[in-house]
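# Summary of structural features
Take a look at the letters that make up each chain.
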Amino acid sequence: MADMGEFRDAVTAWAAGGPGDPARELAARLSVRTVVLLEGPSDVAAVDALAASRDRDLAAEGLCVLAMGGAMSVGRFAHLLGPSGLGLRLTGLCDERERPFYDRGWERAGAAPEGYFVCAADLEDELIRALGVPRVTELVREEGDLRPLQTFLSQPAQRGRTPQQQLRRFLGTKKGRKIHYGRVLVEALDPDRVPAPLDDLFAAL
């Protein structure tokens, strides 16, 4: 039986230059109605974690959460999936610095403007601010990463950065760490402390 993972794979292959028919067929079979375009897998981990905490089965609702491999790919994915392609509703999250890519991608695809939500620096930054530096540091300790964090903080390059900036940098220092903490940080949030861009995304789904 087909699932949303197969649809994601088919769309990714299509965006890379493969045939579009598999994605079209799966979109119809799975009753896909909305695609959430995200920059990378750490964002997907955060969205999936919040969905689980709110008892929402996004795939069952016809919502596909898709990592594009970078914001510069948004135009290609929006063109294939939005009004100019499969006719699906588009939404998503992006960083403030990547907003122009989303603006152009949405416009060229004929999608509704302002259909996505913007994080100040990135989603990790939003989550660290929502939780606070002491709580994030405690979570790092609970996950067994306190010693690597301490080693990282001792580096001269970190001395001029704020504690929040240091934590954000630390999450990106090892492959897979941002993905892991995308889930961990969201699971640690109080329901009323979800960062506005992420909360607004879910309100729109």
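Below, the discussion takes up the overall build of the protein chain. For the protein chain, the helix and strand inventory stands at eleven helices and four strands. Once the C-alpha set of the protein chain is aligned to its principal axes, its extents read approximately 50 × 35 × 30 Å. Across the protein chain, the 26 positively charged side chains and the 30 negatively charged ones have centroids separated by 6 Å.

Once that is clear, we can look at the nonpolar core. Among the nonpolar cores identified, the biggest contains 38 residues, and V47, L93, L185, L198 and L201 are the most heavily contacted of them. Per-element accounting of this core gives the leading share, six residues, to helix 3 (residues 41-53). Grouped together as the second largest cluster of nonpolar side chains are 30 residues, A15, A23, L26 and V32 included.

Attention now goes to the sheet that holds strand 3 (residues 89-95). Spatially, the four strands line up as an open sheet ordered 2-1-3-4, and their pairing is parallel. The open sheet has two edge strands with one neighbour each: strand 2 (63-67) and strand 4 (117-119). The mean inter-strand angle of the sheet, taken between neighbouring strand axes irrespective of direction, is 15 degrees. Across five bridges, the pairing between strand 1 (residues 34-38) and strand 2 is parallel. Across the sheet, V36 pairs through a bridge with V65, a residue of strand 2. Helix-sheet contacts for helix 4 (residues 74-81) involve strand 1, strand 2 and strand 3, and the interaxial angle to strand 1 is about 175 degrees.

The next subject is the packing of aromatic side chains. Per the counting criterion, the structure on display carries four aromatic pairs. Centre to centre, the rings of Y102 and Y116 are 5.1 Å apart; their planes meet at 55 degrees, and the pair counts as tilted. Of this pair, Y102 sits in helix 5 (residues 99-109) while Y116 sits in the loop between helix 5 and strand 4; the two residues are 14 residues apart in sequence, bridging distant segments of the chain. Here Y102 matches Y116 in class, with each residue buried. Here F152 and F170 contribute two aromatic rings whose centre-to-centre distance is 5.8 Å and whose plane-to-plane angle is 55 degrees, an arrangement assigned as tilted. Of the two residues, F152 sits in helix 8 (residues 146-153) while F170 sits in helix 9 (residues 163-171), which places them 18 residues apart along the sequence. Looking at F170, the relative accessible area reads 1%, which means it is buried. Grouping aromatic residues by their ring pairs yields a cluster made of Y102, W106 and Y116.

Let's shift gears to the pairing of strand 2. Among the five residues that make up strand 2, four are buried, leaving the element largely enclosed by the rest of the structure. As a crossover connection, the stretch from strand 1 through helix 3 into strand 2 is right-handed.

On to helix 2 (residues 21-29), then. One turn of an α-helix holds 3.6 residues; hence residues three or four places apart share an orientation. Considered for burial, the residues of helix 2 that qualify are A23, L26 and A27. Within helix 2, the buried residues cover an arc of 105 degrees as seen down the axis, which keeps them to one side. Among the exposed residues of helix 2, those pointing more than 90 degrees away from its buried face are A28 and R29. Elements in contact with the buried residues of helix 2: helix 1 (4-15). Note on helix 2: the residue one or two positions beyond its end, S31, has a positive phi of about 55 degrees.

This brings us to helix 4. Burial in helix 4 covers these residues: V74, F77, A78, L80 and L81. The arc that holds the buried residues of helix 4, viewed along the axis, is 165 degrees, so those residues lie on one side. For helix 4, the secondary structure elements touched by its buried residues are helix 1, strand 1, strand 2, strand 3 and helix 5.

What counts and what doesn't
Residues numbered from 1 in each chain as written. Predicted model: local features only at pLDDT ≥ 70, side-chain atom pairs only at ≥ 80, totals over all residues. Heavy atoms only, no water. Helix = DSSP H or I, 4+ residues; strand = E, 2+ residues; numbered from the N terminus. Lys, Arg positive; Asp, Glu negative; His and termini not counted. Charge placed at Lys NZ, Arg CZ, Asp CG, Glu CD. Core = buried A, V, L, I, M, F, W, Y, C linked by side-chain atoms within 4.5 Å. Buried < 20%, exposed > 50% of the residue type's maximum accessible area, 1.4 Å probe, protein only. Pairing = 2+ DSSP bridges. Axes fitted to C-alpha atoms, helices over the stretch in contact; angles between N-to-C directions. Contact = heavy atoms within 4.5 Å. Phe/Tyr/Trp six-rings, centres within 6.5 Å; stacked < 30°, edge-to-face > 60°. Right-handed = clockwise from strand over helix to strand, strands pointing away. Arc of directions from axis to C-beta.

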